[in-house]
Amino acid sequence: MATKKTITNTTTSPNSKTANSELAGTDTLDRGNTSAKLDSLEQFRSDATGQALRTNQGVKVADNQNTLKVGERGPSLLEDFIMREKITHFDHERIPERIVHARGTAAHGYFQSYENHAPLTKAAFLQDPGKKTPVFVRFSTVQGPRGSGDTVRDVRGFAVKLYTDEGNFDLVGNNMPVFFIQDAIKFPDFVHAVKPEPHNEIPTGGSAHDTFWDFVSLVPESAHMVIWTMSDRAIPKSLRTMQGFGIHTFRLINAEGTSTFVKFHWKPKFGVCSLLWDEAQKLAGKDTDYHRRDLWESIESGDYPEWELGVQIVAEEDEHSFDFDILDPTKIIPEELVPVTPLGKMVLNRNPDNFFAETEQVAFCPGHIVPGIDFSNDPLLQGRLFSYTDTQISRLGGPNFHEIPINRPLAPNHSGQRDAQHRVTIDKGRTSYEPNSIDGGWPKETPPAPQDGGFESYPERLEAHKIRRRSESFSDHFSQARLFFQSMSHHEKEHIIAAYSFELGKVERDWIRARQVNEILANIDLELAARVAKNLGLPVPKQGTVPEKTLSLKASPALSQANLLSGDIVSRKVAILAADGVDGGAIAALKKALEAEGARAKLLGPTSAPITTADGKSLVVDASMEGMPSIAFDAVFVPGGAESVKALSANGVALHFLLEAYKHLKAIELNGEAGQLLNALHLEADEGLLLSKDTKSFKAFFAAIAQHRVWAREPKAKAVPA
Ligand code: HDD
């Protein structure tokens, strides 16, 4: 007994102060408001509240501290079934991570149709505007392992599972509308090239390495997708500020059996915007979970991420009326040619209860469709239909992964399929075959809609030779990459040039750099090729190697993020920098104005200790300036108050905070005496660095925040060492 007492005393109750501060300490950027955070953490423990600790066989455990031993100091006994069960289970806690898209985060929500889309599709979830169809959405990066950073330069997965009344429909897309390859047989080659190199498993979470650039410079069909990954789209500000795309052309089928080709689009309510490369790199170190945390916190605080689902519709008879093939997954249909028709909205309003059970075990498959939706012959999609179920068999340990709660359809499933590893259902009765006469023939086939809703494939008529060949209509690899580049705003073009220069600068082999510049970039755009060549010290190419095809469209404004902002400041985060002697009235006025716009403020002090205002009031700060760096905010406000401003002028952390926000082109307002900080910072006011005398109106400040960045400042800000 004596031994047990000693050891029990050294363990820490999960509700003790030490345990609580350890939990709070895992939060790299946000150490403010610990008790509120812990309250919200408690809900995730509730299922064991008031329950005895038991073994998996239901036996109550009397001692969870000590192995069964021969005497207090003797060897442990093999008969200790409690210890062995615990360790055995622990030893097998990990399952294989996804070969791609391993790093992810997810949320629950619903989809609601705007109206009855019966003329387009018989899919029930697109018919009744009153119906809320549950969804589970998993966002991911592609290259890095499960523990890699959120803000790396990469494609983001955007996988949506809709639990419709007619079965699960998975729309397994990305935040970019095209893909690297045209045929699924090239997927393992592409993935082997982009993944960390096999000899030293470097780099984690990025594509700036030889094998990736070797492959893409040899495979021109990747040119269009690679320019998207070199653009700001590959460093989204948040998961809720990304567009999503189904990429492939699909079919929608109505009750009369009419088929229409469609491309799926998700448009975010919060607008489309990105990090700057310097921010993305810093965040990858300072807060690996930056996107995960933002999604989680936005849902907890009621800023529900929302997207509009739309489709580009192409009638069957127009299949061949474009200067590209609509079956080619490396091509977009420009929105200027076929606008997006809105179908409904998706809202994410609930965080998962358990990461492993839901986010890790969810199994998506592009082959999960419902009546009213069908595939096209896109050869990439056709291959995907096989790969996803196959991968779950090793990842989730067998073919019964559809029984895991997060994968279960809401619609009942009586398939006659039986047994196999991890079978959970206790199938009753004696028949597991069809037809049968013992169970009255049940379960029976269902005739297709419009009567009863059995799935029927679109009876497309096909007549051709069995061959391994790529269609000639898939052979133009550069026109749309050029269209993309030429549709960018000035700053977006500059970022693309910088990204190619950065990535290729990390490539060790000269011939790979040169091939990418001469055989890929020069065929996209000569200015792009010349600028990158110059940055790499390579000869500037005079012309491309492939004759340029003239497209009917010169630019597509819908491709530029500059045209995709939300126009408001809802859920934007503003840092207020203050020290003792601050003008408390200015803080209150700003907070009130931000609240009215749906934006958020955090008060940051020199340390985490409360500060005292000029009129003697004590203010609790949300964090210290070091604890929550400027990269976690959209804008900065410095209130007046002579003493506070004097203290900030002499505080290196505060000055760095402001310089970094300036460098990252954020809106900054210096109020009252805080205007004096301009001298200490050696900066000049501009359209987003504002000086204000009073707090009557924050109109100019909020307008600058709504612009997301002060782009005009970018050339100047590059010279600022922050
Ligand atoms: Fe894939 C996962 C998206 C081509 C094979 N893919 C995966 C996920 C997304 C995509 C978002 C993560 C799903 C989740 O969150 O669990 N993949 C795409 C898109 C593609 C694409 C948009 C092209 C348009 N994928 C693709 C091809 C193949 C695969 C051509 C194989 C032939 N993808 C897989 C996979 C994964 C996967 C190996 C890994 C884990 C999983 O499926 O469940 O089967």
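Residues numbered from 1 in each chain as written. Predicted model: local features only at pLDDT ≥ 70, side-chain atom pairs only at ≥ 80, totals over all residues. Heavy atoms only, no water.

Q: What should I look at first to understand the overall build of the protein chain in this one?
A: Counting its secondary structure elements, the protein chain contains 21 helices and 18 strands. Here the protein chain has a C-alpha radius of gyration of 29 Å; the compact-globule value for 722 residues is 27 Å, and the two agree. Across its three principal axes, the protein chain shows a C-alpha extent of roughly 90 × 85 × 55 Å. Counting all 722 residues of the protein chain, 50% fall into the buried class. Counting contacts in the protein chain only where the partners sit at least 6 residues apart, residues at least 24 apart contribute 72% of the total. Carbon and sulfur atoms make up 53% of the accessible area of the protein chain, which totals about 34300 Å². Computed over 80 positive and 94 negative side-chain charges, the inter-centroid distance for the protein chain is 4 Å. (Helix = DSSP H or I, 4+ residues; strand = E, 2+ residues; numbered from the N terminus. Rg over C-alpha atoms; globule rule 2.2 N^0.38 Å. Buried < 20%, exposed > 50% of the residue type's maximum accessible area, 1.4 Å probe, protein only. Contact = heavy atoms within 4.5 Å. Areas by Shrake-Rupley, 256 points an atom, 1.4 Å probe, with all protein chains shown as cover. Lys, Arg positive; Asp, Glu negative; His and termini not counted. Charge placed at Lys NZ, Arg CZ, Asp CG, Glu CD.)

Q: For this particular structure, what's the right way to read the coordination of the iron atom of the ligand?
A: The reference angle at a metal is 109.5 degrees if four donors form a tetrahedron and 90 or 180 degrees if six donors form an octahedron. You will see that the iron atom of the ligand has only one donor from the protein, Tyr388 (OH), lying 1.8 Å away. Note on placement: Tyr388 falls in helix H11 (residues 379–395). (Donors = N, O, S within 2.8 Å, 3.2 Å for Na, K, Ca; no water.)

Q: In this structure, what is going on with the pairing of strand S12 (residues 600–605)? I would like to understand it.
A: Along any regular strand the residues' side chains alternate between the sheet's two faces. In this sheet, S12 lies alongside strand S11 (residues 573–577) in parallel orientation, the contact comprising 5 bridges. Across the sheet, Val574 pairs through a bridge with Ala601, a residue of S12. A crossover connection joins S11 to the parallel S12 through helix H16 (residues 584–597); in handedness this β-α-β unit is right-handed. (Pairing = 2+ DSSP bridges. Right-handed = clockwise from strand over helix to strand, strands pointing away.)

Q: Help me out: how do you make sense of the environment of Asn436 in this one?
A: Within the secondary structure layout, Asn436 lies in the loop between H11 and helix H12 (479–486). For the pair Asn436 and Lys716, spaced 280 residues apart in sequence, the C-alpha to C-alpha distance is 78 Å. Excluding anything up to four places from it in sequence, Asn436 contacts Thr431, Gly441 and Trp442. Here Asp439 takes part through its backbone nitrogen, which lies 3.0 Å from a polar atom of the side chain of Asn436. A polar contact of 3.0 Å, which involves the side chain of Asn436, links it to the backbone nitrogen of Gly441. (Polar contact = N/O pair within 3.5 Å; in protein donor to acceptor, adjacent residues only side chain to side chain.)

Q: Is there a simple way to explain the site of the ligand in this structure?
A: In the region of the ligand, 22 residues are neighbours, and Arg98, Arg138, Arg384, Tyr388 and Gln392 sit closest. One nitrogen or oxygen atom from the side chain of Arg138 is found 2.7 Å from an oxygen atom belonging to the ligand. A distance of 3.2 Å is found between an oxygen atom of the ligand and a side-chain nitrogen or oxygen belonging to Ser387. The set of elements that each furnish at least two residues to the shell around the ligand consists of strand S3 (156–164), strand S4 (167–174) and H11. With 6 residues, the top contributor of residues to the shell around the ligand is H11. A breakdown of the residues in the shell around the ligand according to their chemical character gives 11 nonpolar, 8 polar and 3 charged. (Near = heavy atom within 4 Å. Nonpolar A, V, L, I, M, F, W, Y, C, P; charged D, E, K, R; others polar.)

Q: Would you take a moment to explain the sheet that holds strand S15 (residues 623–624) for this structure?
A: Hydrogen bonding along the main chain pairs the strands of a sheet, whether they run parallel or antiparallel. Strand order in the open sheet made by the 6 strands is S15-S12-S11-S16-S17-S18, with parallel pairing throughout. Of all the strands in the sheet, the pair left with one neighbour each is S15 and strand S18 (689–692).

Q: Where do I start with the packing of helix H13 (residues 490–505) against helix H14 (residues 510–524) in this structure?
A: A pair of packed helices is characterised by two quantities: the angle between their axes and the separation of those axes. Interaxial distance between H13 and H14 falls to 11 Å at its minimum, and their mutual angle equals 160 degrees. As far as their axial angle goes, H14 and H13 are roughly antiparallel. For the crossing formed where H13 meets H14, the hand is right-handed. Where H13 abuts H14, its residues Tyr500, Leu504 and Gly505 lie against Arg513, Gln516, Leu521 and Ile524. (Axes fitted to C-alpha atoms, helices over the stretch in contact; angles between N-to-C directions. Parallel < 35°, antiparallel > 145°, perpendicular 65-115°, else oblique. Left-handed = near helix turned anticlockwise from the far one by under 90°.)

Q: I'm lost on the pattern of salt bridges in this one. Help?
A: Oppositely charged side chains are able to pair whenever their charged atoms sit close together. Scanning all chains against the criterion turns up 37 salt bridges. Between Arg98 and Glu360 there is a salt bridge whose closest N-O contact spans 3.7 Å. Residue Arg98 is located in the loop between helix H4 (81–91) and strand S1 (104–113), and its partner Glu360 is located in helix H10 (residues 355–360); the two are separated by 262 residues in the primary sequence. The buried category is assigned to Arg98, whose relative accessible area is 11%. The class for Glu360 is buried, based on a relative accessible area of 1%. Note that Lys549 and Asp476 form a salt bridge whose closest N and O atoms lie 4.0 Å from each other. Of the two residues, Lys549 sits in the loop between helix H15 (526–536) and S11 while Asp476 sits in the loop between H11 and H12, which places them 73 residues apart along the sequence. According to the relative accessible area criterion, Asp476 is buried, its value standing at 18%. Via salt bridges that share partners, Glu403, Arg418, Arg423 and Asp427 belong to a single interconnected network. (Salt bridge = Lys/Arg side-chain N within 4 Å of Asp/Glu carboxyl O.)

Q: Any chance you could explain the layout of surface pockets here in plain terms?
A: Where empty space is left becomes clear once a probe the size of a water molecule has been rolled over the atoms. Considering only enclosed or pocket space, the second largest pocket measures out at about 1200 Å³ in volume. What lines the second largest pocket is a set of 35 residues, among which Glu166, Pro412, Asn413, His414 and Ser415 lie closest to the centre. By residue class, the composition of the lining of the second largest pocket is 12 nonpolar, 16 polar and 7 charged. (1 Å grid on protein atoms, 1.4 Å probe; cavity = no way out; pocket = protein on both sides within 12 Å on 5 of 7 lines; lining within 4 Å. Points joined across faces, edges and corners; volume = space filled by probe spheres on them.)

Q: Can you help me understand the nonpolar core in this one?
A: The tendency in soluble globular proteins is for nonpolar side chains to be buried side by side. Counting 49 residues, the largest nonpolar core has Trp213, Ile227, Tyr500, Ile524 and Leu528 as the members making the most contacts within it. Sorting the residues of this core by element identifies helix H5 (187–194), helix H6 (210–218), helix H7 (223–229), H12, H13, H14 and H15 as the ones contributing at least two each. Composition of this core by domain shows at least three residues from each of domain 1 (69–216 + 236–407) and domain 2 (476–563). Sequence-distant contacts of Ile227, defined by excluding residues within four places in its chain, comprise Ala481, Phe484, Phe485, Ile496, Tyr500, Ile524 and Leu528. Among the nonpolar cores identified, the runner-up in size contains 34 residues, and Leu120, Leu239, Val262 and Leu295 belong to it. (Core = buried A, V, L, I, M, F, W, Y, C linked by side-chain atoms within 4.5 Å. Domains from an automatic or database assignment.)

Q: How do you make sense of unusual backbone geometry when you look at a structure like this?
A: The general pattern is negative phi for most residues beyond glycine and trans for most peptide bonds. Of the consecutive residues Glu434 and Pro435, the connecting peptide bond is found in the cis state with omega at 5 degrees. Along the chain, Trp442 connects to Pro443 via a cis peptide bond; the corresponding omega equals -10 degrees. The topology assignment puts Pro443 in the loop between H11 and H12. A positive phi angle, near 60 degrees, is found at His101, a position not held by glycine.

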